[in-house]
Amino acid sequence: MRHLAIVGSGPAGFYTAEAALKQFGDTVRIDIIDRLPTPYGLIRAGVAPDHQSIKAVSKRYDAVARDARVAFFGHVAVGQDVSVAELCGLYDDVILAVGAPLDRPLGVPGDDLPGVLGSAAFVGWYNGHPDFAGLQPPLVARTVAIVGNGNVAIDCARILAKTVQELQDSDIVNHALEPLSQSAVRAVHIVGRRGPHQASFTLKEVGEMGELSRATPLVQAADFPPTEADAGLETGQRRVVEVLRRFAAAGPDAAKPVTIRFDFFRRPVRVVGDGRVEGLEVMRTRLDAAGRAVDSGETEIIPCEMVISAIGYRSAGLEGVPFDAAAGRFANVDGQIAPGLWCVGWARRGPTGTIGTNRQDGFALVERLAATGANGDTGGSKAGRVGLEALLGERGVTVARFADWEKIDAAEVARARPGAPREKFASLDALRTHFSR
Ligand code: NAP
(Lines give C-alpha, C1' and ligand atoms only; values in the text may rest on other atoms or scores of the structure.)
Protein backbone atom coordinates (compact mmCIF):
# COMPACT_ATOMS: atom_id res chain seq x y z
CA MET A 1 0.00 0.00 0.00
CA ARG A 2 1.20 3.50 -0.85
CA HIS A 3 0.12 6.13 1.67
CA LEU A 4 -0.18 9.67 0.32
CA ALA A 5 -0.84 12.83 2.30
CA ILE A 6 -1.96 15.81 0.24
CA VAL A 7 -1.86 19.09 2.14
CA GLY A 8 -4.43 21.50 0.72
CA SER A 9 -7.83 20.70 -0.77
CA GLY A 10 -7.91 23.22 -3.61
CA PRO A 11 -7.76 22.34 -7.31
CA ALA A 12 -4.10 21.24 -7.20
CA GLY A 13 -4.75 18.93 -4.25
CA PHE A 14 -7.87 17.35 -5.73
CA TYR A 15 -6.43 16.88 -9.23
CA THR A 16 -3.38 15.22 -7.70
CA ALA A 17 -5.64 12.89 -5.71
CA GLU A 18 -7.66 12.11 -8.84
CA ALA A 19 -4.48 11.30 -10.73
CA ALA A 20 -3.14 9.13 -7.90
CA LEU A 21 -6.38 7.11 -7.76
CA LYS A 22 -6.08 6.44 -11.51
CA GLN A 23 -2.37 5.69 -11.33
CA PHE A 24 -2.20 3.48 -8.25
CA GLY A 25 -5.66 1.85 -8.19
CA ASP A 26 -6.27 -0.29 -5.11
CA THR A 27 -2.71 0.09 -3.88
CA VAL A 28 -3.13 3.67 -2.65
CA ARG A 29 -4.73 5.44 0.30
CA ILE A 30 -4.94 9.23 0.12
CA ASP A 31 -5.54 11.66 2.97
CA ILE A 32 -6.37 15.23 1.97
CA ILE A 33 -5.60 17.63 4.81
CA ASP A 34 -6.85 21.23 5.01
CA ARG A 35 -6.60 23.82 7.77
CA LEU A 36 -10.20 24.88 7.05
CA PRO A 37 -13.15 22.59 7.74
CA THR A 38 -14.33 23.37 4.19
CA PRO A 39 -12.70 21.90 1.06
CA TYR A 40 -11.92 23.35 -2.41
CA GLY A 41 -9.45 26.12 -1.56
CA LEU A 42 -9.52 28.83 -4.20
CA ILE A 43 -12.67 27.42 -5.80
CA ARG A 44 -14.58 28.40 -2.68
CA ALA A 45 -12.56 31.41 -1.50
CA GLY A 46 -10.82 32.79 -4.61
CA VAL A 47 -12.95 32.29 -7.71
CA ALA A 48 -15.33 35.24 -7.98
CA PRO A 49 -18.76 34.63 -6.45
CA ASP A 50 -20.45 35.72 -9.70
CA HIS A 51 -18.55 33.06 -11.67
CA GLN A 52 -20.62 30.09 -10.55
CA SER A 53 -19.93 28.05 -13.67
CA ILE A 54 -16.24 27.94 -12.72
CA LYS A 55 -17.11 26.96 -9.15
CA ALA A 56 -19.12 24.00 -10.50
CA VAL A 57 -15.82 22.14 -10.98
CA SER A 58 -16.00 21.26 -7.27
CA LYS A 59 -18.59 18.57 -8.20
CA ARG A 60 -15.78 16.71 -9.89
CA TYR A 61 -13.72 16.94 -6.69
CA ASP A 62 -16.64 15.52 -4.67
CA ALA A 63 -16.38 12.25 -6.58
CA VAL A 64 -12.72 12.03 -5.50
CA ALA A 65 -13.49 12.92 -1.88
CA ARG A 66 -16.22 10.26 -1.66
CA ASP A 67 -13.95 7.52 -3.04
CA ALA A 68 -13.40 4.81 -0.41
CA ARG A 69 -9.62 5.16 -0.79
CA VAL A 70 -9.71 8.86 0.11
CA ALA A 71 -10.27 10.62 3.45
CA PHE A 72 -10.67 14.34 4.13
CA PHE A 73 -9.01 15.75 7.24
CA GLY A 74 -10.43 19.27 7.51
CA HIS A 75 -9.69 21.67 10.37
CA VAL A 76 -6.16 20.27 10.67
CA ALA A 77 -3.44 22.92 10.38
CA VAL A 78 -0.17 21.48 9.11
CA GLY A 79 2.59 23.39 10.89
CA GLN A 80 0.48 23.65 14.07
CA ASP A 81 -1.53 20.47 14.68
CA VAL A 82 0.99 18.27 12.89
CA SER A 83 4.37 19.11 11.35
CA VAL A 84 5.56 18.35 7.84
CA ALA A 85 8.33 16.20 9.38
CA GLU A 86 5.70 14.16 11.26
CA LEU A 87 3.68 13.69 8.07
CA CYS A 88 6.83 12.54 6.27
CA GLY A 89 7.26 9.95 9.02
CA LEU A 90 3.70 8.69 8.56
CA TYR A 91 3.31 8.72 4.76
CA ASP A 92 5.26 7.43 1.77
CA ASP A 93 4.72 10.73 0.00
CA VAL A 94 3.67 14.14 1.30
CA ILE A 95 2.45 16.57 -1.34
CA LEU A 96 2.12 20.24 -0.50
CA ALA A 97 -0.79 21.71 -2.49
CA VAL A 98 -1.20 24.72 -0.24
CA GLY A 99 -1.50 27.35 -2.96
CA ALA A 100 -0.31 30.93 -2.60
CA PRO A 101 -2.61 32.58 -0.06
CA LEU A 102 -0.49 35.62 0.85
CA ASP A 103 -0.48 39.00 -0.86
CA ARG A 104 2.72 40.31 -2.36
CA PRO A 105 3.11 43.73 -0.77
CA LEU A 106 3.13 46.78 -3.02
CA GLY A 107 6.52 47.70 -1.62
CA VAL A 108 6.15 51.49 -1.93
CA PRO A 109 6.10 54.14 0.82
CA GLY A 110 2.65 54.44 2.36
CA ASP A 111 1.58 50.88 1.51
CA ASP A 112 0.78 50.33 5.19
CA LEU A 113 -1.72 53.20 5.40
CA PRO A 114 -5.28 52.33 6.45
CA GLY A 115 -7.24 51.91 3.24
CA VAL A 116 -4.53 49.89 1.42
CA LEU A 117 -5.70 46.31 1.00
CA GLY A 118 -4.19 43.26 -0.59
CA SER A 119 -6.35 41.47 -3.14
CA ALA A 120 -6.14 38.19 -1.16
CA ALA A 121 -7.77 40.00 1.76
CA PHE A 122 -10.39 41.79 -0.35
CA VAL A 123 -11.27 38.68 -2.36
CA GLY A 124 -11.28 36.57 0.82
CA TRP A 125 -13.64 39.10 2.44
CA TYR A 126 -16.31 39.02 -0.26
CA ASN A 127 -15.90 35.25 -0.62
CA GLY A 128 -16.44 34.53 3.09
CA HIS A 129 -12.95 33.25 3.95
CA PRO A 130 -12.79 33.07 7.77
CA ASP A 131 -9.39 34.85 7.82
CA PHE A 132 -10.87 37.98 6.26
CA ALA A 133 -14.47 38.13 7.46
CA GLY A 134 -13.68 41.16 9.65
CA LEU A 135 -11.89 43.18 6.95
CA GLN A 136 -14.24 46.22 6.66
CA PRO A 137 -12.91 47.78 3.45
CA PRO A 138 -13.46 51.57 3.44
CA LEU A 139 -16.42 51.66 1.05
CA VAL A 140 -16.97 55.32 1.94
CA ALA A 141 -14.30 55.79 -0.75
CA ARG A 142 -15.59 57.42 -3.92
CA THR A 143 -12.49 56.40 -5.87
CA VAL A 144 -10.52 53.15 -5.66
CA ALA A 145 -7.17 52.43 -7.34
CA ILE A 146 -6.50 48.77 -8.07
CA VAL A 147 -2.87 48.01 -8.93
CA GLY A 148 -2.20 45.15 -11.34
CA ASN A 149 -3.34 44.12 -14.81
CA GLY A 150 -4.39 40.55 -14.13
CA ASN A 151 -7.74 38.83 -13.72
CA VAL A 152 -7.73 39.39 -9.97
CA ALA A 153 -7.67 43.17 -10.54
CA ILE A 154 -10.64 42.74 -12.91
CA ASP A 155 -12.51 40.57 -10.37
CA CYS A 156 -12.08 43.23 -7.67
CA ALA A 157 -13.19 46.03 -10.01
CA ARG A 158 -16.25 44.09 -11.16
CA ILE A 159 -17.39 43.28 -7.62
CA LEU A 160 -17.01 46.97 -6.64
CA ALA A 161 -18.94 48.08 -9.74
CA LYS A 162 -21.84 45.63 -9.81
CA THR A 163 -25.25 46.43 -8.39
CA VAL A 164 -26.85 44.32 -5.68
CA GLN A 165 -29.20 42.94 -8.35
CA GLU A 166 -26.22 41.83 -10.43
CA LEU A 167 -24.78 40.01 -7.41
CA GLN A 168 -28.03 38.59 -6.11
CA ASP A 169 -27.63 35.14 -7.65
CA SER A 170 -23.93 34.87 -6.76
CA ASP A 171 -22.61 33.34 -3.55
CA ILE A 172 -21.12 36.61 -2.31
CA VAL A 173 -21.56 36.61 1.46
CA ASN A 174 -24.12 38.93 3.01
CA HIS A 175 -21.44 40.58 5.17
CA ALA A 176 -19.97 41.92 1.88
CA LEU A 177 -23.16 42.42 -0.11
CA GLU A 178 -24.73 44.69 2.50
CA PRO A 179 -21.85 47.21 2.70
CA LEU A 180 -21.37 47.03 -1.07
CA SER A 181 -25.03 47.97 -1.50
CA GLN A 182 -24.28 51.19 0.44
CA SER A 183 -20.91 51.74 -1.26
CA ALA A 184 -19.93 55.28 -2.28
CA VAL A 185 -17.52 54.00 -4.95
CA ARG A 186 -18.09 55.77 -8.28
CA ALA A 187 -14.68 55.51 -9.92
CA VAL A 188 -12.31 52.56 -10.14
CA HIS A 189 -8.83 52.87 -11.68
CA ILE A 190 -7.10 49.69 -12.84
CA VAL A 191 -3.44 50.69 -12.80
CA GLY A 192 -1.01 48.75 -15.01
CA ARG A 193 2.72 49.34 -15.23
CA ARG A 194 2.74 48.23 -18.87
CA GLY A 195 0.28 48.51 -21.78
CA PRO A 196 -2.72 46.74 -23.32
CA HIS A 197 -0.47 44.34 -25.24
CA GLN A 198 1.16 43.19 -22.00
CA ALA A 199 -1.96 42.97 -19.81
CA SER A 200 -2.65 39.56 -18.24
CA PHE A 201 -6.45 39.75 -18.55
CA THR A 202 -8.34 36.98 -20.29
CA LEU A 203 -11.10 37.57 -22.84
CA LYS A 204 -14.15 36.64 -20.78
CA GLU A 205 -13.02 38.73 -17.82
CA VAL A 206 -12.21 41.84 -19.83
CA GLY A 207 -15.40 41.44 -21.89
CA GLU A 208 -17.52 41.46 -18.74
CA MET A 209 -16.32 45.02 -18.05
CA GLY A 210 -18.45 46.12 -21.02
CA GLU A 211 -21.60 44.38 -19.76
CA LEU A 212 -22.08 46.01 -16.37
CA SER A 213 -25.42 47.65 -15.74
CA ARG A 214 -24.19 50.82 -14.02
CA ALA A 215 -20.48 50.96 -14.90
CA THR A 216 -18.63 51.85 -18.05
CA PRO A 217 -15.00 50.93 -18.94
CA LEU A 218 -12.74 53.78 -20.07
CA VAL A 219 -9.55 53.24 -22.05
CA GLN A 220 -7.29 55.89 -23.60
CA ALA A 221 -6.77 55.43 -27.36
CA ALA A 222 -3.28 56.91 -26.94
CA ASP A 223 -2.21 53.87 -24.87
CA PHE A 224 -2.32 51.55 -27.90
CA PRO A 225 0.42 50.99 -30.45
CA PRO A 226 -0.66 51.21 -34.12
CA THR A 227 -3.33 48.59 -34.98
CA GLU A 228 -0.88 46.69 -37.22
CA ALA A 229 1.12 45.75 -34.13
CA ASP A 230 -1.80 43.61 -32.90
CA ALA A 231 -1.08 41.09 -35.67
CA GLY A 232 2.02 39.93 -33.79
CA LEU A 233 0.06 38.98 -30.68
CA GLU A 234 -1.01 35.44 -29.88
CA THR A 235 -4.72 34.92 -30.51
CA GLY A 236 -6.00 35.19 -26.93
CA GLN A 237 -4.09 38.39 -26.25
CA ARG A 238 -5.15 39.88 -29.59
CA ARG A 239 -8.80 39.36 -28.71
CA VAL A 240 -8.28 41.00 -25.32
CA VAL A 241 -6.69 43.97 -27.06
CA GLU A 242 -9.57 44.13 -29.56
CA VAL A 243 -12.03 44.43 -26.66
CA LEU A 244 -9.92 47.15 -25.03
CA ARG A 245 -9.79 49.02 -28.35
CA ARG A 246 -13.59 48.82 -28.56
CA PHE A 247 -13.83 50.34 -25.07
CA ALA A 248 -11.51 53.15 -26.15
CA ALA A 249 -13.62 53.82 -29.25
CA ALA A 250 -16.92 53.78 -27.33
CA GLY A 251 -15.83 56.30 -24.69
CA PRO A 252 -17.87 57.19 -21.62
CA ASP A 253 -21.56 56.32 -21.22
CA ALA A 254 -23.32 59.21 -19.50
CA ALA A 255 -26.16 56.92 -18.40
CA LYS A 256 -23.81 54.91 -16.18
CA PRO A 257 -22.71 56.51 -12.91
CA VAL A 258 -19.64 54.34 -12.25
CA THR A 259 -16.44 54.44 -14.31
CA ILE A 260 -13.73 51.78 -14.54
CA ARG A 261 -10.68 53.47 -16.01
CA PHE A 262 -7.77 51.40 -17.32
CA ASP A 263 -4.71 53.47 -16.45
CA PHE A 264 -1.96 51.81 -18.48
CA PHE A 265 1.72 52.73 -18.33
CA ARG A 266 1.66 53.82 -14.70
CA ARG A 267 3.77 52.34 -11.92
CA PRO A 268 2.86 53.02 -8.28
CA VAL A 269 5.59 54.90 -6.44
CA ARG A 270 3.85 56.03 -3.23
CA VAL A 271 0.55 55.86 -1.44
CA VAL A 272 -0.24 59.42 -0.39
CA GLY A 273 -2.15 60.30 2.75
CA ASP A 274 -2.10 61.54 6.30
CA GLY A 275 -3.37 58.69 8.50
CA ARG A 276 -5.41 57.20 5.62
CA VAL A 277 -5.24 56.84 1.86
CA GLU A 278 -5.74 60.09 -0.05
CA GLY A 279 -4.13 59.19 -3.34
CA LEU A 280 -1.80 56.93 -5.30
CA GLU A 281 1.25 58.56 -6.81
CA VAL A 282 2.24 56.86 -10.04
CA MET A 283 5.21 57.19 -12.37
CA ARG A 284 4.36 57.27 -16.07
CA THR A 285 6.22 54.49 -17.87
CA ARG A 286 7.03 53.37 -21.38
CA LEU A 287 8.33 50.08 -22.73
CA ASP A 288 11.97 49.39 -23.48
CA ALA A 289 13.03 47.16 -26.37
CA ALA A 290 12.67 44.06 -24.17
CA GLY A 291 9.08 45.00 -23.25
CA ARG A 292 9.90 46.07 -19.69
CA ALA A 293 8.40 49.15 -18.05
CA VAL A 294 10.88 51.99 -17.72
CA ASP A 295 10.23 55.27 -15.93
CA SER A 296 9.50 58.39 -17.94
CA GLY A 297 10.33 60.69 -15.01
CA GLU A 298 6.79 62.13 -15.03
CA THR A 299 4.62 61.45 -12.00
CA GLU A 300 0.99 62.14 -11.20
CA ILE A 301 -1.37 61.50 -8.31
CA ILE A 302 -4.58 59.53 -8.72
CA PRO A 303 -6.80 60.90 -5.93
CA CYS A 304 -8.45 57.91 -4.21
CA GLU A 305 -9.46 56.74 -0.76
CA MET A 306 -8.79 53.02 -1.18
CA VAL A 307 -5.97 51.11 -2.87
CA ILE A 308 -6.16 47.41 -3.67
CA SER A 309 -2.90 45.72 -4.56
CA ALA A 310 -3.56 42.90 -7.04
CA ILE A 311 0.02 42.21 -8.13
CA GLY A 312 0.17 38.48 -7.43
CA TYR A 313 0.42 36.11 -4.50
CA ARG A 314 2.98 34.15 -2.48
CA SER A 315 2.91 30.80 -0.72
CA ALA A 316 3.31 30.68 3.05
CA GLY A 317 6.42 28.85 4.23
CA LEU A 318 6.26 25.74 6.39
CA GLU A 319 8.79 24.89 9.09
CA GLY A 320 11.63 22.76 7.79
CA VAL A 321 10.59 23.05 4.13
CA PRO A 322 13.07 24.84 1.82
CA PHE A 323 11.49 28.02 0.46
CA ASP A 324 12.40 30.16 -2.53
CA ALA A 325 11.71 33.59 -1.04
CA ALA A 326 12.32 35.50 -4.28
CA ALA A 327 9.77 33.40 -6.17
CA GLY A 328 7.37 33.12 -3.21
CA ARG A 329 7.04 29.31 -3.47
CA PHE A 330 8.71 26.14 -2.21
CA ALA A 331 12.18 25.42 -3.55
CA ASN A 332 11.69 22.40 -5.80
CA VAL A 333 12.91 20.61 -8.89
CA ASP A 334 9.92 19.59 -11.04
CA GLY A 335 7.80 19.32 -7.91
CA GLN A 336 10.29 17.45 -5.74
CA ILE A 337 11.42 19.27 -2.59
CA ALA A 338 13.17 16.29 -0.95
CA PRO A 339 12.78 12.49 -1.18
CA GLY A 340 9.12 11.79 -0.38
CA LEU A 341 8.23 15.52 -0.14
CA TRP A 342 6.63 17.21 -3.12
CA CYS A 343 4.71 20.33 -4.11
CA VAL A 344 2.15 20.96 -6.80
CA GLY A 345 0.03 23.78 -8.24
CA TRP A 346 0.74 27.36 -7.15
CA ALA A 347 2.93 26.04 -4.28
CA ARG A 348 5.21 24.55 -6.98
CA ARG A 349 5.12 27.00 -9.87
CA GLY A 350 3.80 30.25 -8.37
CA PRO A 351 0.42 31.92 -8.94
CA THR A 352 -0.04 31.49 -12.68
CA GLY A 353 -2.40 29.73 -15.04
CA THR A 354 -6.00 28.64 -14.91
CA ILE A 355 -7.68 26.02 -12.74
CA GLY A 356 -7.13 23.51 -15.55
CA THR A 357 -3.37 24.11 -15.38
CA ASN A 358 -3.46 22.45 -11.96
CA ARG A 359 -4.93 19.32 -13.52
CA GLN A 360 -1.91 18.94 -15.81
CA ASP A 361 0.30 19.73 -12.85
CA GLY A 362 -1.31 17.10 -10.60
CA PHE A 363 -1.19 14.39 -13.27
CA ALA A 364 2.45 15.18 -14.11
CA LEU A 365 3.43 15.00 -10.44
CA VAL A 366 1.78 11.62 -9.98
CA GLU A 367 3.73 10.28 -12.97
CA ARG A 368 6.90 11.31 -11.15
CA LEU A 369 5.68 9.66 -7.95
CA ALA A 370 4.98 6.46 -9.85
CA ALA A 371 8.52 6.52 -11.17
CA THR A 372 9.86 6.44 -7.61
CA GLY A 373 8.52 2.87 -7.08
CA ALA A 374 5.32 1.20 -5.97
CA ASN A 375 5.89 1.95 -2.31
CA GLY A 376 7.86 5.15 -2.55
CA ASP A 377 11.23 4.72 -0.92
CA THR A 378 9.87 3.05 2.16
CA GLY A 379 8.76 -0.44 1.19
CA GLY A 380 5.20 0.04 2.44
CA SER A 381 6.14 0.36 6.10
CA LYS A 382 4.42 3.68 6.80
CA ALA A 383 1.47 3.95 9.18
CA GLY A 384 -0.53 6.35 6.97
CA ARG A 385 -4.07 7.26 8.02
CA VAL A 386 -4.11 5.13 11.18
CA GLY A 387 -1.00 6.92 12.38
CA LEU A 388 -2.37 10.39 11.62
CA GLU A 389 -5.64 9.65 13.37
CA ALA A 390 -3.77 8.44 16.46
CA LEU A 391 -1.55 11.53 16.52
CA LEU A 392 -4.43 13.99 16.09
CA GLY A 393 -6.45 12.08 18.69
CA GLU A 394 -3.61 12.38 21.23
CA ARG A 395 -3.47 16.12 20.55
CA GLY A 396 -7.21 16.63 20.89
CA VAL A 397 -7.60 17.96 17.33
CA THR A 398 -11.22 17.86 16.16
CA VAL A 399 -11.18 16.77 12.55
CA ALA A 400 -13.86 17.85 10.09
CA ARG A 401 -14.58 14.84 7.87
CA PHE A 402 -16.07 15.09 4.40
CA ALA A 403 -19.45 14.09 5.86
CA ASP A 404 -19.13 17.10 8.21
CA TRP A 405 -18.49 19.36 5.21
CA GLU A 406 -21.60 17.88 3.57
CA LYS A 407 -23.58 18.98 6.63
CA ILE A 408 -22.09 22.47 6.41
CA ASP A 409 -22.84 22.52 2.69
CA ALA A 410 -26.50 21.59 3.23
CA ALA A 411 -26.86 24.23 5.96
CA GLU A 412 -25.32 26.92 3.75
CA VAL A 413 -27.61 26.03 0.86
CA ALA A 414 -30.64 26.04 3.18
CA ARG A 415 -29.96 29.57 4.46
CA ALA A 416 -29.18 31.17 1.06
CA ARG A 417 -30.95 34.44 0.19
CA PRO A 418 -33.48 34.05 -2.67
CA GLY A 419 -31.71 33.24 -5.94
CA ALA A 420 -28.29 32.63 -4.36
CA PRO A 421 -26.69 29.16 -4.34
CA ARG A 422 -25.62 29.40 -0.69
CA GLU A 423 -24.87 31.72 2.21
CA LYS A 424 -21.45 30.69 3.51
CA PHE A 425 -20.57 30.47 7.16
CA ALA A 426 -17.68 32.91 7.34
CA SER A 427 -16.33 32.24 10.81
CA LEU A 428 -14.60 29.17 12.19
CA ASP A 429 -16.94 29.24 15.20
CA ALA A 430 -20.00 29.05 12.97
CA LEU A 431 -18.42 26.28 10.91
CA ARG A 432 -17.43 24.34 14.04
CA THR A 433 -21.03 24.08 15.25
CA HIS A 434 -21.49 21.54 12.46
CA PHE A 435 -18.77 19.14 13.46
CA SER A 436 -17.48 19.75 17.01
CA ARG A 437 -18.05 16.68 19.10
P1 NAP B 1 -1.30 38.05 -12.73
O2 NAP B 1 -2.18 37.60 -13.82
O3 NAP B 1 0.07 37.49 -12.67
O4 NAP B 1 -1.21 39.64 -12.81
C5 NAP B 1 -0.40 40.36 -11.94
C6 NAP B 1 -0.30 41.79 -12.44
O7 NAP B 1 0.42 42.54 -11.46
C8 NAP B 1 0.47 41.94 -13.75
O9 NAP B 1 -0.21 42.87 -14.54
C10 NAP B 1 1.83 42.49 -13.30
O11 NAP B 1 2.42 43.32 -14.25
C12 NAP B 1 1.40 43.30 -12.11
N13 NAP B 1 2.49 43.58 -11.18
C14 NAP B 1 3.30 42.69 -10.57
N15 NAP B 1 4.15 43.32 -9.75
C16 NAP B 1 3.85 44.64 -9.84
C17 NAP B 1 4.38 45.80 -9.23
N18 NAP B 1 5.38 45.73 -8.35
N19 NAP B 1 3.84 47.00 -9.56
C20 NAP B 1 2.83 47.07 -10.44
N21 NAP B 1 2.28 46.02 -11.05
C22 NAP B 1 2.81 44.80 -10.75
O23 NAP B 1 -1.90 37.76 -11.28
P24 NAP B 1 -3.38 37.75 -10.68
O25 NAP B 1 -4.26 38.73 -11.33
O26 NAP B 1 -3.16 37.78 -9.22
O27 NAP B 1 -3.91 36.31 -11.10
C28 NAP B 1 -3.25 35.12 -10.63
C29 NAP B 1 -3.62 33.96 -11.54
O30 NAP B 1 -4.99 33.60 -11.31
C31 NAP B 1 -3.50 34.30 -13.01
O32 NAP B 1 -3.06 33.19 -13.70
C33 NAP B 1 -4.93 34.62 -13.38
O34 NAP B 1 -5.24 34.49 -14.74
C35 NAP B 1 -5.69 33.64 -12.52
N36 NAP B 1 -7.07 34.11 -12.32
C37 NAP B 1 -7.98 33.72 -13.24
C38 NAP B 1 -9.28 34.17 -13.10
C39 NAP B 1 -10.29 33.75 -14.11
O40 NAP B 1 -9.97 32.94 -14.99
N41 NAP B 1 -11.51 34.25 -14.07
C42 NAP B 1 -9.64 35.02 -12.07
C43 NAP B 1 -8.68 35.41 -11.16
C44 NAP B 1 -7.37 34.94 -11.30
P45 NAP B 1 3.58 42.79 -15.25
O46 NAP B 1 2.88 41.99 -16.28
O47 NAP B 1 4.19 44.04 -15.76
O48 NAP B 1 4.53 41.97 -14.40
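**Q** Help me understand the overall build of the chain in this model?
**A** Helix and strand content of the chain: 16 helices and 20 strands. Since a compact globule built from 437 residues should have a radius of gyration of about 22 Å, the 23 Å found for the chain is in line with a globular shape. Projected onto the principal axes, the alpha-carbon positions of the chain cover approximately 65 × 50 × 40 Å. Taking all 437 residues of the chain together, 53% fall into the buried category.

**Q** It is not clear to me how the site of the ligand should be interpreted in this structure. Could you clarify?
**A** Every one of the 20 residues lining the ligand counts as a neighbour, but N149, R193, R194, E205 and G353 are closest to it. Between an oxygen atom of the ligand and a main-chain N or O atom of N149, the distance comes to 2.9 Å. Here the ligand, which alone exposes 920 Å², has 79% of that area covered by the protein. Per-element tally for the shell around the ligand: the top contributor is helix 7 (residues 151-161), with three residues. Taken together, the residues of the shell around the ligand sort by class into seven nonpolar, eight polar and five charged. A domain-level breakdown of the shell around the ligand finds at least three residues from each of domain 1 (2-101 + 315-432) and domain 2 (105-309).

**Q** Looking at this structure, how should I read the nonpolar core?
**A** Note that soluble globular proteins tend to have their nonpolar side chains buried in a common cluster. I146, L160, F201, L244, I260 and F262 are the most contacted members of the largest nonpolar core, which has 52 residues in total. Take this core: its biggest share by element is seven residues, from helix 7. With near-sequence residues (within four places) excluded, I146 lies in contact with A153, C156, A157, L160, V188, H189, I190, V191, I308 and A310. The next biggest cluster of nonpolar side chains, apart from the first, holds 36 residues, and it includes I6, I95, L365 and A400.

**Q** Any chance you could explain the pattern of salt bridges here in plain terms?
**A** Side chains that carry opposite charge are capable of pairing whenever their charged atoms lie near each other. Taken as a whole, this structure holds 32 salt bridges when the rule is applied. For D230, the salt bridge goes to R245, with nearest N and O atoms at 2.7 Å. Of this pair, D230 sits in the loop between strand 9 (215-219) and helix 11 (235-250) while R245 sits in helix 11, placing them 15 residues apart in sequence. Its salt-bridge partner being D361, residue R349 comes within 3.0 Å of it at the nearest N-O pair.

**Q** I would appreciate a short explanation of the sheet that holds strand 7 (residues 143-147) in the present structure.
**A** Pairing between the strands of a sheet is mediated by backbone hydrogen bonds and can be parallel or antiparallel. One open sheet accounts for six strands, arranged 6-14-7-8-10-9; its pairing is parallel. Of all strands in the sheet, those with a lone pairing partner are strand 6 (116-118) and strand 9, marking the two edges. When strand polarity is set aside, the average angle formed by the axes of neighbouring strands in this sheet is 20 degrees. With five bridges connecting them, strand 7 and strand 8 (residues 187-191) associate as parallel partners.

**Q** Teacher, can you tell me more about the environment of L392 here?
**A** Tracing the backbone shows L392 in helix 14 (residues 384-394). We classify L392 as buried; its relative accessible area is 1%. Placed 310 residues apart in sequence, L392 and V82 show a C-alpha to C-alpha distance of 7.6 Å. Ignoring anything within four residues of it in the chain, the contact list for L392 reads F73, V76, D81, V397 and V399.

**Q** What exactly am I supposed to notice about helix 9 (residues 174-181) here?
**A** Residues of helix 9 that are buried include every one of A176, L177 and L180, and no others. Viewed along the axis of helix 9, the buried residues span an arc of 100 degrees, placing them on a single side of the element.

**Q** Quick question: what am I supposed to make of helix 13 (residues 355-371) here?
**A** Between its first and last C-alpha, helix 13 extends 25 Å over 17 residues, near the 24 Å set by a 1.5 Å rise per residue. Along helix 13, the residues classified as buried are N358, D361, G362, L365, V366 and L369. Each buried residue of helix 13 lies within a common arc of 130 degrees when the element is viewed along its axis, so the set occupies one face. Among the exposed residues of helix 13, those oriented more than 90 degrees off its buried face are Q360, E367 and A371. Contacts from the buried residues of helix 13 go to strand 1 (2-7), helix 1 (11-24), strand 4 (93-96), strand 19 (341-343) and helix 12 (346-349).

Thresholds, definitions, all that
Residues numbered from 1 in each chain as written. Predicted model: local features only at pLDDT ≥ 70, side-chain atom pairs only at ≥ 80, totals over all residues. Heavy atoms only, no water. Helix = DSSP H or I, 4+ residues; strand = E, 2+ residues; numbered from the N terminus. Rg over C-alpha atoms; globule rule 2.2 N^0.38 Å. Buried < 20%, exposed > 50% of the residue type's maximum accessible area, 1.4 Å probe, protein only. Near = heavy atom within 4 Å. Polar contact = N/O pair within 3.5 Å; in protein donor to acceptor, adjacent residues only side chain to side chain. Areas by Shrake-Rupley, 256 points an atom, 1.4 Å probe, with all protein chains shown as cover. Nonpolar A, V, L, I, M, F, W, Y, C, P; charged D, E, K, R; others polar. Domains from an automatic or database assignment. Core = buried A, V, L, I, M, F, W, Y, C linked by side-chain atoms within 4.5 Å. Contact = heavy atoms within 4.5 Å. Salt bridge = Lys/Arg side-chain N within 4 Å of Asp/Glu carboxyl O. Pairing = 2+ DSSP bridges. Axes fitted to C-alpha atoms, helices over the stretch in contact; angles between N-to-C directions. Arc of directions from axis to C-beta. Expected span 1.5 Å × (residues − 1).

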